Amino acid sequence: MPYKEEAHSVQSRVSKSYTLKLEIAEELAQRAEAQELTASRYLEKVLRDVFKFAKSL
């Protein structure tokens, strides 16, 4: 399934690795797919809201 392209300025990204419990990882993947995002982009969106970052980040 193709994922949505997000309209934003070109920004550098850092690759980090985190370990999640299986049930959390599965829920993350399901919610991301429902919004047609990768799990990484969905997690970034959730964390942006939690941390109250501006949408321009």
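Residues numbered from 1 in each chain as written. Predicted model: local features only at pLDDT ≥ 70, side-chain atom pairs only at ≥ 80, totals over all residues. Heavy atoms only, no water.

Observations regarding unusual backbone geometry
And then number 1: Its identity is not glycine, yet Glu 36 carries a phi of approximately 55°, on the positive side.
And then number 2: Examined against the element boundaries, Glu 36 turns out to sit in the loop between helix H1 (22–34) and helix H2 (39–51). (Helix = DSSP H or I, 4+ residues; strand = E, 2+ residues; numbered from the N terminus.)

Considerations on the packing of H1 against H2
And then number 1: In contact at an axis separation of 8 Å, H1 and H2 are set at 95° when each is read in the N-to-C sense. Classified by the angle their axes make, H1 and H2 are roughly perpendicular. When H1 is examined against H2, the residues Leu 28, Arg 31 and Ala 32 are found in contact with a partner set consisting of Ala 39, Tyr 42 and Leu 43.
And then number 2: Classifying every residue of the contact of H1 with H2 by side-chain character gives five nonpolar, no polar and one charged. (Axes fitted to C-alpha atoms, helices over the stretch in contact; angles between N-to-C directions. Parallel < 35°, antiparallel > 145°, perpendicular 65-115°, else oblique. Contact = heavy atoms within 4.5 Å. Nonpolar A, V, L, I, M, F, W, Y, C, P; charged D, E, K, R; others polar.)

A short note on H2
One full turn of an α-helix is made of 3.6 residues, so residues set three or four places apart face in the same direction.
And then number 1: A rise of 1.5 Å per residue sets the reference length of H2, with its 13 residues, at 18 Å; its end C-alpha atoms lie 18 Å apart and thus fit the reference within 8%.
And then number 2: Downstream of H2 by a residue or two, Lys 52 has a phi angle that is positive, lying close to 60°. (Expected span 1.5 Å × (residues − 1).)

Things to note about a nonpolar patch on the surface
And then number 1: A grouping of Leu 43, Val 46, Leu 47, Val 50 and Phe 51 is seen on the molecular surface, where their side chains present a nonpolar patch of about 410 Å² in accessible area.
And then number 2: Tracing the sequence through the fold places Val 46 in helix H2.
And then number 3: Judged by its relative accessible area of 30%, Val 46 falls in the partly exposed class. (Patch = residues over 30% accessible without salt bridge, like charges linked within 9 Å, V, L, I, M, F, W, Y side chains within 5 Å. Areas by Shrake-Rupley, 256 points an atom, 1.4 Å probe, with all protein chains shown as cover. Salt bridge = Lys/Arg side-chain N within 4 Å of Asp/Glu carboxyl O. Buried < 20%, exposed > 50% of the residue type's maximum accessible area, 1.4 Å probe, protein only.)

Concerning the pattern of salt bridges
And then number 1: Applying the stated rule across the entire model yields three salt bridges.
And then number 2: A salt bridge links Arg 31 to Glu 27; the shortest N-O distance between them is 2.7 Å. With Arg 31 and Glu 27 both in helix H1 and four residues apart, the pair spans about one turn of that helix.
And then number 3: Note that Arg 48 and Glu 44 form a salt bridge whose closest N and O atoms lie 3.2 Å from each other. You can see Arg 48 and its partner Glu 44 sitting in helix H2, four residues apart, about one turn around the helix.
And then number 4: Take Glu 44: its relative accessible area is 27%, and that puts it in the partly exposed class.

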